[in-house]
Amino acid sequence: NLALVEHERRAPGPGEVEIEVEAAGLNFLDVLLALGAMPEDDDASAARLGWECSGRIVAIGAGVSGLHEGQEVIAVAPHAMASHVLVRGELVTEKPAGMSWEQAATLPIAFMTAYHGLAQVGRLAPGERVLIHAASGGVGVAAIQWAQHVGAEIFATAGTEEKRERVRRLGVTHVFDSRSMSF
C-alpha cells in the first residue's frame, strides 16, 4: 500500500536546514513500518519513511552555523524518502569527499547506533573484549570499526561462511558462526 504523496515544502525555521535529497537509507524499521508491524505515533508517519539521507543544502534557517547552501551533506532526517527534507542543523554533517551519495546515506543510523552502544553505554576501553553479533551487517561493521579504533579485542559472529570471511577481511580474528552455539 505504498504510494508517492505530494507534500508542500516550507522554508526552514530557526535552527533548521532544507536538504535536496540525493539518496536515502532504507532500514529495517522502515520495512516494519511499511508492513504495519510497528505501532505508529500517528497515521501519517507510516507514509513518510526514511531516517537518514545524503544531499545538498538548499536553504538555511536562522541561527544555523557551520553549514552553507550548496554544501554536500549527510543527515539524520526523519521522513528522508522525499525530494526535500527539513532537519535540525545539528543533525547534519559534511559528506566525505569521494563517497557516493548512496554510501553516505547509509552512515548515520548504523554509526550512531554503534557509537551509542559501545562508547556511551558500554564505555568500551582499550584492551577490553567485545562480542559483536551479526558483525557483517551495517551496525556490525560500524561496531567493528569503533572497537578497532578504541583498541578492543573483538569477537564476532556472522551467519554464513561468506559473511564470516567478510568480517575476517575487516581485521577480526575471532569470528564464529552465529547460527550455532559453538561460539
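Our structure is the block above this text.
Computed from a predicted model, the values in this text were never measured in an experiment. (Residues numbered from 1 in each chain as written. Predicted model: local features only at pLDDT ≥ 70, side-chain atom pairs only at ≥ 80, totals over all residues. Heavy atoms only, no water.)

*Asks:* How do you make sense of the nonpolar core when you look at a structure like this?
*Replies:* A general trend in soluble globular proteins is that nonpolar side chains are found buried together. Of all hydrophobic cores here, the largest spans 18 residues; its most connected members are Leu124, Val130, Ile132, Ile144, Ile154, Val167 and Val172. Counting only elements with at least two residues in this core, the list comes to helix H3 (107-121), strand E6 (129-132), helix H4 (138-150) and strand E7 (153-158). It is H4 that contributes the most residues to this core, five residues altogether. Apart from the residues within four sequence positions on either side, isoleucine 132 is in contact with Gly140, Ala143, Ile144, Ile154, Phe155, Ala156 and Thr157. With 14 residues, the next largest nonpolar core counts Val17, Ile19, Ala77 and Val87 among its residues. (Core = buried A, V, L, I, M, F, W, Y, C linked by side-chain atoms within 4.5 Å. Buried < 20%, exposed > 50% of the residue type's maximum accessible area, 1.4 Å probe, protein only. Helix = DSSP H or I, 4+ residues; strand = E, 2+ residues; numbered from the N terminus. Contact = heavy atoms within 4.5 Å.)

*Asks:* What is the right way to read the sheet that holds strand E2 (residues 52-60) from this model?
*Replies:* In spatial order, the strands read E4-E1-E2-E3-E5; together these five strands make up an open sheet with antiparallel pairing. The open sheet has two free edges, formed respectively by strand E4 (84-88) and strand E5 (92-94), since each of these has just one partner strand. Adjacent strand axes in the sheet meet at a mean angle of 45°, parallel and antiparallel pairs treated alike. Across five bridges, strand E1 (residues 16-24) lies against E4 in antiparallel orientation. In the sheet register, glutamate 16 faces E4, and the bridge partner there is arginine 88. Strands E2 and strand E3 (72-76) of the sheet are contacted by H3, whose axis makes an angle of about 55° with E3. (Pairing = 2+ DSSP bridges. Axes fitted to C-alpha atoms, helices over the stretch in contact; angles between N-to-C directions.)

*Asks:* Even after reading the chapter, I still don't get the packing of H3 against H4, so can you show me in this structure?
*Replies:* Geometry of a packed helix pair, given as the angle between the helix axes and the separation of the axes. Here H3 crosses H4 at 50°, and the two axes come no closer than 8 Å. The pairing of H3 with H4 is recorded here as oblique in orientation. Here H3 runs over H4; the crossing is right-handed. Residue-level contacts link Ala110, Phe111, Thr113, Ala114, Tyr115, Leu118 and Ala119 of H3 to Gly138, Val139, Ala142, Ala143, Gln145 and Trp146 of H4. Taken together, the residues of the contact of H3 with H4 break down into 10 nonpolar, three polar and no charged. (Parallel < 35°, antiparallel > 145°, perpendicular 65-115°, else oblique. Left-handed = near helix turned anticlockwise from the far one by under 90°. Nonpolar A, V, L, I, M, F, W, Y, C, P; charged D, E, K, R; others polar.)

*Asks:* How do you make sense of the sheet that holds strand E8 (residues 174-177) when you look at a structure like this?
*Replies:* Strands in a sheet are paired, the pairing made by backbone hydrogen bonds, and the direction either parallel or antiparallel. Spatial ordering of the open sheet is given by E6-E7-E8, a layout of three strands whose pairing is parallel. The open sheet has two edge strands with one neighbour each: E6 and E8. Across the sheet, the mean angle separating the axes of adjacent strands is 20° when strand polarity is ignored. The pairing of E7 with E8 spans four bridges and is classified as parallel. When the sheet's bridge partners are listed, threonine 157 is paired in E8 with phenylalanine 176. In this fold H4 packs onto E6 and E7, with an angle of close to 170° to the strand it touches most, E6.

*Asks:* Explanation requested: the packing of aromatic side chains in the structure shown.
*Replies:* For any pair of aromatic rings, the description consists of the separation of the ring centres together with the inter-plane angle of the planes. Inspection of the entire model under this criterion finds one aromatic pair. Measuring from centroid to centroid gives 5.0 Å for tyrosine 115 and tryptophan 146, while their planes differ by 85°, and the two rings are edge-to-face. Taken together, the positions of tyrosine 115 in helix H3 and tryptophan 146 in helix H4 put the pair 31 residues apart, joining distant regions of the chain. On the basis of relative accessibility, which here comes to 38%, the residue tyrosine 115 falls in the partly exposed class. Over the face of the ring belonging to tryptophan 101 we find lysine 95, whose NZ or CZ atom lies 4.9 Å from the ring centre. (Phe/Tyr/Trp six-rings, centres within 6.5 Å; stacked < 30°, edge-to-face > 60°. Lys NZ or Arg CZ within 6 Å of the ring centre and 35° of its normal.)

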